[in-house]
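The chain contents come next:
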Number of protein chains: 2
Amino acid sequence: MTEQTKRSGRRRGSGESPQTREAILAAALGAFEEKGYGGTTIRGVATAAGVDPALVMHFFGSKDGLFDAAIRGPGMPLRRLREVIDAGPPAELGERLIRRYLSLWDDPAAAPRLRAVMQAATSAPAAGQILRDFMVAEILRPLAEHLGGDDGETRAVLVASQMIGVALTRYLLHVEPMTALSTEQVTAALGPTVQRYLTGDLTI
Amino acid sequence: MTEQTKRSGRRRGSGESPQTREAILAAALGAFEEKGYGGTTIRGVATAAGVDPALVMHFFGSKDGLFDAAIRGPGMPLRRLREVIDAGPPAELGERLIRRYLSLWDDPAAAPRLRAVMQAATSAPAAGQILRDFMVAEILRPLAEHLGGDDGETRAVLVASQMIGVALTRYLLHVEPMTALSTEQVTAALGPTVQRYLTGDLTI
């Protein structure tokens, strides 16, 4: 990575464009999806993106930095959960969140990225912390603010616990009959749970 | 692993006892906990157990075989979930399951093993399949049979989705304020959810 001979074939100066940064991020996501967090290296990502490893380090600093940028990037599917918060009656927010969450996991363009993020976050503590900070800042805190009250953050994390659990059983572990249920059936089963966490009497 | 020279220092024949098998399994669990599934090797487990790698292969066949045996072993904490199924009124089964599940994750002797199993199952598809098969055979099917009816298996997997989700947010990702809630608070919040999945009107 620091040997001049290995750099010589690529021009570092010409690569410092937003396009190059995006190309590196796309390569990183591909690597996280295919090789897992442990199997992804700065060098491998650089090779896949056709750039010098030093340029990857320049942009992202480390593998954790790459993962952080990949999660925070505009293409991160989980950002689309926020869109439904205000998109209808509060009494139907639970159902809207479940439908949107399932639609992301059922989207062939989004699912590999979600799977890679979940796998990385559960297998590497640093990646888990990055996902947690993203979830809190970008989804749970906005949801808590929308709910208001002293217990908004508690309600938001309870919602997260049910939604992450359904992703794990349905899309990662493929536990039957969870996989066989239709979107409508999962929504009917989980809707009252999530709605109670959002607006019901928790008595805790 | 196949070179006679590497074997010569250890006596294979003398190690084929149940005690040796248990020592290998304990070493494997330690490796899964410390190095993750990807970082665990047959050779490393053999070294930690003080036996020849060929003996590990003889007993377990592969890394997946080691993981399968570690999950199915008598010390697997998740087995203890079954003990509460019949241990009280059906209307309190949800609460009993949550309390027992939290107590396993809060037990310093059990938590590292649970964490290792979850990490392996989410990071390696083969390990995920092994955990899924164990869950279905040892926990979800017995629970479904206890519940009876056509939808027992659906009810059991819905329970699993909420319990796995709370483990992930509370014990693996450490999402606040889930981590700050007491056992009583988590039980009060999740109890009605799990009880509804077990015995409520699901209308799905």
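The structure displayed is predicted, hence computed values, not measured ones.

(A) Structural detail: empty space enclosed by the protein. Residue and element names in this part refer to chain B. All told, the structure shown has 4 cavities of 30 Å³ or more when counted by the stated rule. Reported here for the largest cavity is a volume of approximately 250 Å³. Taken together, 19 residues form the lining of the largest cavity, with L78, L81, Y101, I139 and I164 sitting closest to its centre. Listed by contribution, the elements that provide at least two residues to the lining of the largest cavity are α6 (93-105), α7 (111-123), α8 (125-147) and α9 (152-172). When its residues are assigned to classes, the lining of the largest cavity shows 19 nonpolar, no polar and no charged.

(B) How the structure looks around the layout of surface pockets. The computed volume of the largest pocket comes to approximately 430 Å³. Taken together, 25 residues line the largest pocket, and the ones lying closest to its centre are A:Y37, A:G38, A:S123, B:G38 and B:S123. Put simply, the parts of the chain that give the lining of the largest pocket at least two residues each are α2 (18-39) and α7 (111-123) of chain A together with α2 (18-39) and α7 of chain B. Counting residues per element, the lining of the largest pocket draws most heavily on α2(A), at 8 residues. Of the residues in the lining of the largest pocket, the class split is 9 nonpolar, 10 polar and 6 charged. Contributing to the lining of the second largest pocket are 13 residues, with A:Q119, A:L172, A:H174, B:A124 and B:P125 lying nearest its centre. At the level of secondary structure, the elements contributing two or more residues to the lining of the second largest pocket comprise α7 and α9 (152-172) of chain A together with α7 and α8 of chain B. Among the elements that make up the lining of the second largest pocket, the one with the highest residue count is α8(B) (4 residues). Tallied by class, the residues present in the lining of the second largest pocket amount to 6 nonpolar, 5 polar and 2 charged.

(C) How the structure looks around the UniProt feature "DNA-binding region" (unreviewed entry) in chain A. Feature annotation in UniProt places "DNA-binding region" (unreviewed entry) on residues 41-60 of chain A, given in this structure's numbering. For the annotated span residues 41-60 of chain A, helix accounts for 80% and strand for 0% of the residues, and the straight-line distance between the end C-alpha atoms is 13 Å.

(D) Representation of the relation of the copies chain A and chain B. Of the two same-sequence chains, chain A is brought onto chain B (RMSD 0.0 Å, axial shift 0.0 Å) by a rotation of 180 degrees. Accordingly, the operation relating the two chain copies is best matched by a two-fold axis. Every residue of chain A has its C-alpha some distance from the rotation axis, and the shortest such distance is that of A:G165, at 1.8 Å. Here 100% of the contact residues of chain A are again contact residues in chain B; the copies associate through an equivalent surface.

(E) Region of interest: the UniProt feature "domain: HTH tetR-type" (unreviewed entry) in chain A. Mapped onto this structure's residue numbering, the UniProt feature "domain: HTH tetR-type" (unreviewed entry) falls at residues 18-78 of chain A. With 79% helix and 0% strand, residues 18-78 of chain A has its two end C-alpha atoms placed 23 Å apart.

(F) Inspection of the interface of chain A and chain B at higher detail. Tallying the contact residues gives 40 residues for chain A and 40 residues for chain B. Among the residues chain A hides against chain B, the three largest losses belong to A:T122, A:L173 and A:I204. Together they make up 18% of the total. Seen at the junction of chain A and chain B, the total is 0 salt bridges. Where chain A touches chain B, the interface holds 14 residue pairs in polar contact (both at pLDDT 80 or more). Counting residues per element, the side of chain A that touches chain B draws most heavily on α9(A), which supplies 12 residues. When grouped by side-chain class, the residues that make up the side of chain A that touches chain B number 23 nonpolar, 13 polar and 4 charged.

(G) Structural view of the domain arrangement of chain A. Residues and elements named next belong to chain A. Here the domain parsing of chain A yields domain 1 (4-72) and domain 2 (77-199). For domain 1 and domain 2, the distance between their C-alpha centroids amounts to 29 Å. Facing 9 residues of domain 1, the contacting portion of domain 2 comprises 15 residues. Our enumeration of links across domain 1 and domain 2 arrives at 0 salt bridges. For the pair domain 1 and domain 2, the interface holds 1 residue pair in polar contact (both at pLDDT 80 or more). Contributions of two or more residues to the side of domain 1 that touches domain 2 are made by α2 and α5 (63-72). Residues of the side of domain 1 that touches domain 2, tallied by class, amount to 5 nonpolar, no polar and 4 charged.

(H) Main features of the packing of α9(A) against helix α10 (residues 183-199) of chain A. All names here are of chain A. With their axes 8 Å apart at the nearest point, α9 and α10 run at an angle of 160 degrees to one another. In terms of their interaxial angle, α9 and α10 are classed as roughly antiparallel. As for how α9 packs across α10, the hand of that crossing is right-handed. Taken together, the residues of α10 that come into contact with α9 (itself represented by R155, L158, V159, Q162, V166 and R170) are T183, V186, L190, T193, V194, R196, Y197, L198 and T199. A per-class count over the contact of α9 with α10 returns 8 nonpolar, 4 polar and 3 charged.

(I) Focus on the nonpolar core. If you look at the biggest cluster of nonpolar residues, it comprises 144 residues, and the most contacted ones within it are A:L66 and B:L66. Once residues lying within four places of it in the same chain are set aside, the contact partners of B:L66 are B:I24, B:L25, B:A28, B:F32, B:I42, B:V45, B:V56 and B:F60.

(J) Region of the structure containing the pattern of salt bridges. Per the counting criterion, the structure on display carries 16 salt bridges over all chains. Between B:R100 and B:E83 there is a salt bridge, with the nearest N and O atoms lying 2.6 Å from each other. With a gap of 17 residues between them, B:R100 in helix α6 and B:E83 in the loop between α5 (63-72) and α6 connect regions that are remote in the sequence. Each member of the salt-bridge network shares a partner with another, and the members are A:R79, A:R82 and A:E138.

What counts and what doesn't
Residues numbered from 1 in each chain as written. Chains lettered and ligands numbered in written order. Predicted model: local features only at pLDDT ≥ 70, side-chain atom pairs only at ≥ 80, totals over all residues. Heavy atoms only, no water. 1 Å grid on protein atoms, 1.4 Å probe; cavity = no way out; pocket = protein on both sides within 12 Å on 5 of 7 lines; lining within 4 Å. Points joined across faces, edges and corners; volume = space filled by probe spheres on them. Helix = DSSP H or I, 4+ residues; strand = E, 2+ residues; numbered from the N terminus. Nonpolar A, V, L, I, M, F, W, Y, C, P; charged D, E, K, R; others polar. UniProt positions renumbered as here; feature names shortened; annotations may be inferred. Least-squares fit on C-alpha atoms with pLDDT ≥ 70 in both. Contact = heavy atoms within 4.5 Å. Buried area = accessible area lost by both parts, 1.4 Å probe. Salt bridge = Lys/Arg side-chain N within 4 Å of Asp/Glu carboxyl O. Polar contact = N/O pair within 3.5 Å; in protein donor to acceptor, adjacent residues only side chain to side chain. Domains from an automatic or database assignment. Axes fitted to C-alpha atoms, helices over the stretch in contact; angles between N-to-C directions. Parallel < 35°, antiparallel > 145°, perpendicular 65-115°, else oblique. Left-handed = near helix turned anticlockwise from the far one by under 90°. Core = buried A, V, L, I, M, F, W, Y, C linked by side-chain atoms within 4.5 Å. Buried < 20%, exposed > 50% of the residue type's maximum accessible area, 1.4 Å probe, protein only.

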